[in-house]
Amino acid sequence: MRFIEFAELCERLEALSGRLEMITVVSEALPKFSEEELPVVVNFLMGRVFPDWSPLKLGIGPNLLYEAVAYVTGDTKERVIEEINRRGDAGRAVEHLIANKEQTSFFVQELEVFEIYREFERIARSEGKGSQRSKLLAIRRLFGNSRPIEARYLARLLLGELRIGIGEGNMRGAIAKAFGVPSEQVEHAYQARNDLGQVAVLARMGASALSKVQIELFRPVKMMLAQQGTIQEMVKEHGVVAAEYKYDGSRFQFHRSGKEFRIYSRRLEDVTKALPDVVKRLAAATTTDLILDGEVIAVREGRPRPFQFVLQRFRRKHEVSSYVEEIELVPYVFDILFLEGETLIDLPFSERRRRLEQAIPAYVAPQLQSSDPEELEEFYHRALDAGHEGIMLKDLESTYMPGVRGKRWVKIKPEVDTLDLVVIGAEWGEGRRAHLFGSFLLACRSEGKLLPVGKVATGISDEDLADLYALFKDLVVSEAGKEVAFKPEVVFEVGYSEIQKSPNYESGYALRFPRFIRLRADKGVEDADSLETISLRFQQRPSA
Ligand code: AMP
């Protein structure tokens, strides 16, 4: 299919605001794509080039995009930046610039959806010396062959946000409707496969293909997540619950097939090379093919060390061995998703736990099963005394729900409320901080869009500010007066005193007294908190 048809579909969707209408339009479009195009289009429509689990990353910053557009339109890079700043929307600005250029030149080659995807794959695979140059040439070629409206969506795709409102929820609905399969089946296949593109291909084959989906080794599965809750509520709801320590480290997923081992981070990145000691420990403790879910913490003399130490280890690419000596890591496993060819996520937790204990006797997180709030409270204090973050309470009947932040897992911890939010912009600082970003604009997720909820400037030290400047300077998409917009990539954990309704931000909410707590390098945009979480917290606020 030609890219122009994709761009026109995006334009139609951009003009709609109703969820059902959007689902209908996408569902009518999907069957028209070929087998190889379908998975690509499904991801593209959600603003993604590759599925979450894929090791391929495009790695194109705004700067490279400006350069490519400038070359194609015959403008200077400054002129491109100026236009983007003026419009505050890189897609529309690039469209405008290309439209002007079109009057003097004519179009060379028709862009095909699948060809663009192939080009993206080549870009993602190019590395080392000369790779920036070859990426630039590739994007120049794409913009050189774009009509204005194609350029709008190409630019947005490269910047990681399509702004048409198709998130995972709407896409699941559209796939079910397009191919006449139950949406629960789409959901379930997605949990195992972690790629809606492939799920769409299976859905087209029919319900029975969809229902046979299994988890595969070395294709990481999204992790099940927890909500905040209380001991009383959990016991009331489920009776006997499983309590485990909440370890303050980093989540991991361990895959073993014969003599091959891999560890994935919470963002589903392959971090095997950074964690040879953890691999060694887990490899020695198991003999079967399996997938384990756990948390790894840093320890010194038997006590947990702060989470930052674990992150240092996860992000290490060079001189790994000296870090292995410096920072000792210990894994704790608390779930099992796959064992000897069998997908286990649909079994109740009590059964998974039994299999976990059989499959790997060491490193299993100790568990207390109880329906007595007092006993659980005592367990909670023991966790805090031992230097852990709190406890997790889990429903013993629950299946494993990849990527779901439900009420089946609940976290109990003492701290004030925090949110993980995407940094989408900033304001330049003042006085001696004028050359740095001073306050940061934060957004939550909502169906493929990022909606602002507040700004944070408090809690950031001078040292942090310098580090953050270095981190964000290559992510600047546009600038207007004192404000800059970033390519959305970075997540902050922020504290606040209260959530309020507010017309000032597009989310409809604002944070009172937001405070920077830390950079969440272990989280990506897709892990940030959603509008739903914020509105739930608003409803549950103490004064409500
Ligand atoms: P939060 O990041 O605050 O939403 O808390 C959930 C996170 O706690 C999980 O994603 C894990 O990384 C971590 N965690 C620590 N200990 C456990 C445990 N025993 N069970 C599940 N998650 C745990």
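Treat the numbers as computed from the prediction; the structure is a model and nothing was measured.

K.L.:
Please give an account of the pattern of salt bridges that cites residues and values.
P.N.:
This model, assessed by the stated rule, comprises 51 salt bridges. Where Arg79 meets Glu82, a salt bridge forms, and the shortest distance between an N and an O atom there is 3.9 Å. Taken together, the residues span about one helical turn, with Arg79 and Glu82 both in helix 5 (residues 77-87) at a distance of three residues. Between Arg122 and Glu119 there is a salt bridge, with the nearest N and O atoms lying 3.5 Å from each other.

K.L.:
Tell me about the site of the ligand, residues and numbers included.
P.N.:
Taken together, 14 residues lie near the ligand, and Glu244, Arg251, Glu295, Lys394 and Lys411 sit nearest. Tyr245 is positioned such that a nitrogen or oxygen atom in its backbone is 3.0 Å from a nitrogen atom of the ligand. At 3.0 Å, a backbone N or O of Tyr247 approaches a nitrogen atom of the ligand. Protein chains bury 94% of the 490 Å² of accessible surface belonging to the ligand in isolation. Those elements that place two or more of their residues in the shell around the ligand are strand 2 (241-246), strand 10 (390-395) and strand 11 (405-412). The class makeup of the residues in the shell around the ligand is five nonpolar, no polar and nine charged.

K.L.:
Could you give an account of the environment of Ile360, with specific residues and numbers?
P.N.:
Within the fold, Ile360 resides in the loop between helix 18 (349-359) and strand 9 (367-370). Owing to a relative accessible area of 0%, Ile360 belongs among the buried residues under this scheme. Put simply, Ile360 and Asp335 are 25 residues apart on the chain and 11 Å apart in space, counted from C-alpha to C-alpha. With residues up to four places along the chain from it excluded, the contact list for Ile360 reads Leu282, Ala285, Thr286, Leu292 and Val333.

K.L.:
Account for the packing of helix 4 (residues 62-73) against helix 5, with residues named and values stated.
P.N.:
With their axes 8 Å apart at the nearest point, helix 4 and helix 5 run at an angle of 110° to one another. Judged by the inter-axis angle, helix 4 sits roughly perpendicular to helix 5. Remark: the crossing between helix 4 and helix 5 carries right-handed chirality. Residues Asn63, Tyr66, Glu67, Val69 and Ala70 of helix 4 pack against Lys77, Val80, Ile81 and Ile84 of helix 5. The class makeup of the residues in the contact of helix 4 with helix 5 is six nonpolar, one polar and two charged.

K.L.:
Just give me the short version of a negative patch on the surface, but keep the residues and values in it.
P.N.:
Taken together, the side chains of Asp372, Glu374, Glu375, Glu377 and Glu378 define an acidic patch exposed on the protein surface. Mapped onto the secondary structure, Glu375 falls in helix 19 (residues 373-385). We classify Glu375 as partly exposed; its relative accessible area is 32%.

K.L.:
Talk me through unusual backbone geometry; I want residue IDs and the actual numbers.
P.N.:
The phi angle at Asn194 is positive, at roughly 65°, despite the residue not being glycine. Along the chain, Asn194 falls in the loop between helix 11 (183-193) and helix 12 (196-205). Exposure remark for Asn194: the relative accessible area of 3% places this residue in the buried category. For Phe218, which is not a glycine, the phi torsion comes out positive at approximately 65°. With respect to the secondary-structure elements, Phe218 resides in the loop between helix 13 (207-211) and strand 1 (225-228). Relative accessible area serves as the criterion here: at 24%, Phe218 is assigned to the partly exposed category.

Conventions we followed
- Sequence order as written defines the numbering, with residues in each chain counted from 1.
- Given that this is a predicted model, residues contribute local features only at a pLDDT of at least 70 and side-chain atom pairs are listed and counted only at 80 or more, while totals for whole chains, interfaces and linings are drawn from all residues.
- In computing side-chain values, all of the structure's heavy atoms are included and hydrogens and water are not.
- One speaks of a salt bridge when a side-chain nitrogen belonging to Lys or Arg is within 4 Å of a carboxyl oxygen belonging to Asp or Glu.
- A run of H or I in DSSP becomes a helix once it reaches four residues, and a run of E becomes a strand once it reaches two; helices and strands are each numbered from the N terminus.
- We call a residue near a molecule or strand whenever a single non-hydrogen atom of that residue lies within 4 Å of it.
- Pairs of N or O atoms are called polar contacts if they sit within 3.5 Å, as long as, within protein, a hydrogen donor faces a hydrogen acceptor (for residues adjacent in sequence, only side-chain-to-side-chain pairs).
- Here, Shrake-Rupley sampling with a 1.4 Å probe gives the accessible areas, and only protein chains in the shown set may cover a residue.
- Only Asp, Glu, Lys and Arg are considered charged, only Ala, Val, Leu, Ile, Met, Phe, Trp, Tyr, Cys and Pro nonpolar, and every remaining residue, Gly among them, polar.
- Each residue is assigned to one of three classes by its accessible area relative to the maximum for its type, calculated with a 1.4 Å probe on protein chains only: buried under 20%, partly exposed between the two thresholds, exposed over 50%.
- Contacts between residues were defined by any pair of non-hydrogen atoms, one from each residue, lying within 4.5 Å.
- Axis definition: a line fitted to C-alpha atoms, limited for helices to the stretch in contact. Angles are taken between N-to-C directions and run from 0 to 180 degrees.
- We call two directions roughly parallel when the angle between them is under 35 degrees, roughly antiparallel when it is over 145, roughly perpendicular when it lies between 65 and 115, and oblique otherwise.
- Handedness of a crossing follows from how the near helix is turned relative to the far one, being left-handed for an anticlockwise turn of less than a right angle and right-handed for a clockwise one.
- To count toward a patch, a residue needs a relative accessible area over 30% and no salt bridge; like charges are then connected within 9 Å, while nonpolar side chains (Val, Leu, Ile, Met, Phe, Trp, Tyr) are connected within 5 Å.
- Positive charges come from Lys and Arg alone, negative charges from Asp and Glu alone, with His and the N- and C-terminal ends not counted.
- Here the site of a charge means NZ on Lys, CZ on Arg, CG on Asp, or CD on Glu.

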